[in-house]
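Here are the chains, one letter per residue:
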Amino acid sequence: MPASILEEVDHLLEAAFTRDMSTRLSCPSCGSAHVAQMLGDNGGISYVCTACGHSWS
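Within an unreviewed UniProt entry, the label attached to the chain reads IS1 family transposase, and the organism entered is Streptomyces indiaensis.

Here it is, written out as structure tokens:
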């Protein structure tokens, strides 16, 4: 149990930052984090990099 409310806030912010970073995608071609999710023709999920145009699934 944290000793103060500030310690508790620090724990919550750290958990939110870790969760945010673990769900981010990056382009395998250029490494950019500017990635959009698309639905494919057959209902699958694909991704496209808005920086370089590379697409993958």
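## Overview of the sheet that holds strand β1 (residues 35–39)
The three strands are arranged β1-β2-β3 in an open sheet whose pairing can be described as antiparallel. Looking at the sheet topology across the chains shown, the edges are occupied by β1 and β3 (55–56). In terms of strand pairing, β1 meets strand β2 (residues 45–49) through five bridges, oriented antiparallel. Looking at β2, one finds that Val35 is bridged to Cys49.

## Here we look at the confidence of the model for the chain
Averaged over all residues, the pLDDT of the chain equals 79, while 75% of them reach at least 70. Of all the helices and strands in the chain, helix α1 (residues 5–22) carries the lowest mean pLDDT, 65, while β3 carries the highest, 92.

About the criteria used
- Residues numbered from 1 in each chain as written.
- Predicted model: local features only at pLDDT ≥ 70, side-chain atom pairs only at ≥ 80, totals over all residues.
- Heavy atoms only, no water.
- Pairing = 2+ DSSP bridges.
- Helix = DSSP H or I, 4+ residues; strand = E, 2+ residues; numbered from the N terminus.
- pLDDT = per-residue confidence, 0-100.

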